[in-house]
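One letter stands for each residue in the lines below.
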Amino acid sequence: MFRSVLLVYFVSLVANTKRHFRIGGVFNSHDNVRLFGNTVDEINTELLHQLANVTLDGTAVIANNNELLTFNDFCQNILSKKVHGMLVIADETEFDSFKLVIHQSAAFGIPTFVIGIRNNLLSDKKVFPTVLRTKSPWSYQVDGWIDLLRHFGFRQFHLLHAQESDGWAFRLRVEKHLRTYETDIEKDLKVGKILTFPSSQDSYKSYLLRLLGSESRVFCLHAALKDMCLILKEAEELGLTGSGYVWIISEVALGCATIPPGALMLRQRLVTDIGGHTKDSLNFMVKVLSMLPVGIDEPPNGCIFGRDPWIPGYQFFQNALKTQTSLASTGFLSFDYYGQREFSNYDVLNINTDQGKVIVGSFLYSKATKNMTLSMNDPLIKWPGGGTRRPTGLTFSHHLKVVTALDVPFVYARHDEDNTGCRKNEVQCPMYASSGKILHQLCCEGYSIDLLKELAVKLNFTYTLYIPEDGIFSTYDLKEMQELNGPIGKLIKKEADMAIGALVATEQRARLIDFSVAFRHQGIAVLERKLAKTSTLVSFLQPFHGSLWITVMVAVHIIALTLYLLDRFSPFGRYKLPNSDHPEEDALNLSSAIWFAWGVLLNSGIGEGTPRSFSARVLGMVWAGFAMIIVASYTANLAAFLVLDRPKPTLSGLQDPRLRNPADNFTFTTVRGSPVEHYLNHQLDLHRVYKAMGQYTVNSVDEGIQAVKDGRISAFLWDSTQLEVESAKDCELVVSSHSLGRSGYVVGLQKKSRWTDSVNEALLDFSEDGTLLELDRKWIVSALFNSECEKPGSEPARLGLKNMAGVFILVAAGIVGGVGLIGIEILFKRHYSKQQRQIELTRHAFDKWKNMVKRRKMLRGTIENQRRSKLNGSLPNFTVPGENIDTSNADGIFVIGEGRYFDV
């Protein structure tokens with residue numbers, strides 16, 4: 001009974017607190033009106049099962065062909081019911097008929113959900129401040145376009161859009177992406193041309209003709225349906241949709257019959273599911289309306305112009321932007337600042353002549369990354385022309401022969417003798433003999449190879465890269481000032497169009513070939529071997545000067561002697577026992593005093609033999625303070641000498657006196673016939689340097705570096721960049737901190753080449769957009785940063801066995817000394833024990849002899865007494881102390897001890 005009463009009370013309480021939200025609707029058909037009513041009933045049933053305190057009331061009208069009549073119905077039959085929210089369902093083509101209703105509903109502050117219309121005008125919050133849409137606008141496809149372009153590796157594309165709201169929205173969203181991801185996308189994805197055209201034209205060929213001959217063949221297009229159909233048809237007539245071209249078009253074109261085969265587009269999923277979008281809109285509306293406080297102001301009653309907007313409607317919109325739901329029928333539902341659905345799921349379609357519109361991928365919201373993710377099945381794609389191979393997206397109308405030379409870090413080479421092919425980041429660069437025969441199959445990579453790739457894309461050319469047999473940039477004939485061979489020779493002989501690598505511009509070379517602007521600057525530096533540290537075995541003694549070590553050693557023994565004397569003569573010492581001349585066992589003798597002094601200095605425990613007298617203890621405390629200061633100073637200086645001490649180049653650069661005035665035991669060189677040698681020869685202040693190294697010149701950079709490693713020469717003069725990278729790879733090498741003769745690395749071209757200006761412009765662009773900086777980081781900075789060698793100014797180096805070998809040798813010497821001393825102690829003990837045994841035997845024999853003499857003396861006295869007694873007629877009994885005497889012998893013989901007889 002009690003439970004029944006409680007249940008009735010609870011139901012009545014819930015009924016009394018139930019909130020009724022009125023939702024109005026303006027729809028384009030009776031079917032949508034019935035759908036709306038059924039959805040309201042379904043939601044109310046679900047709320048009832050959930051014991052929710054919310055119910056919905058729905059009121060709907062059908063739009064009239066006349067916009068004003070539709071607005072009149074909205075005012076009389078919808079707003080008069082004081083609705084808390086609005087739902088509008090219409091087709092894209094009916095936007096003009098519903099625009100006034102949507103605008104006035106938002107102007108009155110009523111939250112308005114629009115289904116079906118994806119026009120970008122509804123994103124204008126000044127005109128439609130409380131409008132939300134569960135279908136994303138057309139322009140939001142740009143997110144998927146960008147991911148598609150990046151997925152296929154297209155570097156450049158043209159954007160084509162109409163001069164209308166959605167077209168401008170597409171353009172702004174593209175620009176937003178390029179600004180947002182400037183460090184990631186702008187470098188490898190750029191807009192070529194932006195073609196803007198008016199809507200509803202009879203022909204667009206005059207605009208499309210501007211695309212003929214352009215480098216990029218990737219087109220992204222959006223316009224109204226009628227305009228897109230005409231544009232695609234005329235593009236096909238102009239030959240812009242054939243093999244090698246790529247078209248990514250807006251979803252609007254789905255109703256167009258002239259879509260070129262091979263085109264790609266994104267189609268929003270569930271876009272035709274009006275029921276799903278209706279239910280998601282109403283559920284979302286209930287969820288956000290429930291967040292509003294109880295007792296809010298009543299919504300507007302009719303179209304009363306001039307009144308203030310309904311403030312709770314604006315609060316609803318702000319709460320809606322913060323609300324998300326993953327239970328929606330159409331997928332994850334959330335809204336951005338413009339009231340548009342942020343994450344809509346898309347299918348990627350490929351227009352196939354055989355199978356129609358084929359789904360080849362998806363662009364979906366990922367809960368893991370909380371962002372959109374592109375997933376593609378590339379083998380299913382049929383590209384324009386019917387091919388399955390992805391187009392490059394660029395026109396290649398020029399092919400260049402490019403020659404290079406092996407110079408680290410600008411060009412690295414790997415042998416490909418087994419013909420497995422080059423890796424992804426490598427370029428095939430066979431080495432040719434002068435006869436034209438391939439000597440080695442090589443795969444190249446490096447700073448200059450990446451730069452060549454960038455130039456090829458930027459300037460729209462293809463290339464063949466190779467290395468000549470005498471592939472070095474350093475073969476001057478110094479008398480005729482002419483390059484005889486190598487890559488420069490190939491340019492002079494017109495056997496190559498471009499030379500790239502560690503090529504340095506010089507005045508002599510400029511007479512024979514053209515140079516680009518410098519893409520990197522460098523100077524002449526000096527490479528040498530690091531000097532080995534001296535006195536390695538005694539390096540642990542470096543913190544103190546020799547005189548200080550001697551003073552400390554003397555001080556230890558002086559302190560020990562003083563402590564012994566103070567404790568020995570102090571009346572409070574432990575040297576003597578009371579009323580005894582014998583010292584205590586733990587008295588501080590000289591040996592204990594020395595042990596105490598050393599123990600305090602070395603911070604070891606002192607178990608026994610410590611001073612007892614006050615005077616000695618005061619001296620002990622002073623000595624302990626001295627020891628603390630000495631040990632702390634030693635530790636600090638040891639860190640400075642052994643940890644922070646790094647080998648530095650002994651040469652400061654080309655101005656170093658040892659280069660200017662070389663000694664016989666100091667040799668240095670550079671590459672024969674190189675620009676470095678030429679520079680030294682033509683500088684008056686460096687002419688002595690050039691003369692001194694003449695007999696030691698080498699034929700290549702590798703040979704010079706190896707000569708330094710082997711110790712055949714003391715120093716090698718070459719470009720600072722290459723030497724720094726080499727020293728980063730080999731920690732035994734070090735480069736001078738100062739360089740001289742600043743010059744630059746350039747791209748070489750044939751004399752009066754038509755490519756010179758284009759290459760210069762491209763390199764200047766690369767300098768501005770950060771491409772050259774990125775190449776520096778990848779190939780030079782990373783090599784120096786990732787080096788395992790010690791770097792000045794970095795964290796202290798760790799000590800190794802080599803640094804502390806002297807300490808270990810000292811310990812080993814202590815062990816050997818201890819073993820030797822214990823051997824001496826054993827020998828001494830044996831000798832001492834032998835002497836003690838001899839002394840004991842002698843003392844024992846002496847004692848026996850002494851006792852025997854004493855007994856004989858006593859025996860004579862006894863015998864004498866017996867004689868006297870016998871003369872007196874009696875034989876008295878007597879004993880000799882310590883002997884048993886038998887007096888029963890009748891013959892007058894006395895038995896004394898053990899068988900010793902005496903005749904009486």
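Residues numbered from 1 in each chain as written. Predicted model: local features only at pLDDT ≥ 70, side-chain atom pairs only at ≥ 80, totals over all residues. Heavy atoms only, no water.

Peer 1: Would you mind showing me how to read the sheet that holds strand β9 (residues 246–249) here?
Peer 2: In a beta sheet, neighbouring strands are held together by backbone hydrogen bonds and run either parallel or antiparallel to one another. With respect to topology, eight strands assemble into an open sheet ordered β7-β6-β8-β9-β10-β11-β12-β13, the strand pairing being mixed. Single-partner strands in this sheet number two, and they are β7 (190–197) and β13 (371–376). Strand-to-strand twist in this sheet, taken as the mean axis angle between neighbours without regard to direction, amounts to 25°. Both strand β6 (residues 156–162) and β7 contribute to a ladder of six bridges, which runs parallel. Its bridge partner being in β7, glutamine 156 is matched across the sheet by lysine 190. Packed onto the sheet, helix α5 (residues 142–152) meets β6, β8 (218–222), β9, β10 (264–268), β11 (346–352), β12 (356–366) and β13 and runs at close to 45° relative to β13. (Pairing = 2+ DSSP bridges. Helix = DSSP H or I, 4+ residues; strand = E, 2+ residues; numbered from the N terminus. Axes fitted to C-alpha atoms, helices over the stretch in contact; angles between N-to-C directions. Contact = heavy atoms within 4.5 Å.)

Peer 1: Help me understand the packing of helix α3 (residues 67–78) against helix α4 (residues 95–107), please; the structure alone is not making it clear to me.
Peer 2: Geometry of a packed helix pair, given as the angle between the helix axes and the separation of the axes. Contact geometry for α3 and α4: axes closest at 8 Å, N-to-C directions at 35°. Read as a crossing pair, α3 and α4 show a hand that is right-handed. Residues Glu67, Leu68, Thr70, Phe71 and Phe74 of α3 lie in contact with α4, whose contacting residues are Asp96, Ser97, Lys99, Leu100, Val101, Gln104 and Ser105. (Left-handed = near helix turned anticlockwise from the far one by under 90°.)

Peer 1: Is there a simple way to think about the packing of aromatic side chains in this case?
Peer 2: How two aromatic rings sit relative to each other is given by the distance of their centres and the angle of their planes. Scanning the entire structure with this criterion turns up 30 aromatic pairs. Their ring planes at 10° and their centres at 4.4 Å tell us that phenylalanine 332 and tyrosine 365 sit as a pair that is stacked. Placement of the pair is phenylalanine 332 in the loop between α11 (311–322) and β11 and tyrosine 365 in strand β12, with a sequence separation of 33 residues. Take tyrosine 365: its relative accessible area is 17%, and that puts it in the buried class. (Phe/Tyr/Trp six-rings, centres within 6.5 Å; stacked < 30°, edge-to-face > 60°. Buried < 20%, exposed > 50% of the residue type's maximum accessible area, 1.4 Å probe, protein only.)

Peer 1: I would appreciate a short explanation of the sheet that holds strand β1 (residues 19–27) in the present structure.
Peer 2: Strands sit in the order β2-β1-β3-β4-β5 across an open sheet of five strands; the sheet is parallel. Each end of this open sheet is capped by a strand with a single partner; those strands are β2 (54–62) and β5 (131–133). With direction set aside, neighbouring strand axes in the sheet form an average angle of 25°. Two elements, β1 and β2, share nine bridges in a ladder whose sense is parallel. Pairing of histidine 20 across the sheet is with threonine 55, part of β2. Each of β1, β3 (85–89), β4 (112–115) and β5 is contacted by α4, which is oriented at about 165° to β3, the strand it contacts most.

Peer 1: Help me understand the packing of helix α12 (residues 447–459) against helix α23 (residues 756–769), please; the structure alone is not making it clear to me.
Peer 2: At a minimum axis distance of 10 Å, the contact between α12 and α23 shows a crossing angle of 115°. Here α23 runs roughly perpendicular to α12, going by the angle between their axes. The crossing of α12 and α23 is right-handed. Across from Leu451, Glu454, Leu455, Lys458 and Leu459 in α12, the residues of α23 making contact are Ser758, Val759, Ala762, Leu763, Asp765 and Phe766. (Parallel < 35°, antiparallel > 145°, perpendicular 65-115°, else oblique.)

Peer 1: Where do I start with the environment of glycine 486 in this structure?
Peer 2: Following the sequence through the fold, glycine 486 ends up in helix α13 (residues 486–492). You can call glycine 486 buried: its relative accessible area is 2%. Through-space distance from the C-alpha of glycine 486 to that of glutamate 469 is 7.7 Å; in sequence the pair is 17 residues apart.

Peer 1: Can you walk me through α23 in this structure?
Peer 2: It helps to recall that an α-helix has 3.6 residues per turn; residues three or four apart then point in one direction. With 14 residues, α23 should cover 20 Å at 1.5 Å per step; its first-to-last C-alpha distance of 20 Å lies within 8% of that length. Burial in α23 covers these residues: Thr756, Val759, Asn760, Ala762, Leu763 and Phe766. What you see down the axis of α23 is that its buried residues fit within an arc of 165°, all on one side. Facing away from the buried side of α23 by more than 90 degrees, the exposed set consists of Asp757, Glu761 and Glu768. Packing partners of the buried residues in α23 comprise α12, β23 (498–499), β24 (514–515), β30 (748–749) and α24 (771–785). (Expected span 1.5 Å × (residues − 1). Arc of directions from axis to C-beta.)

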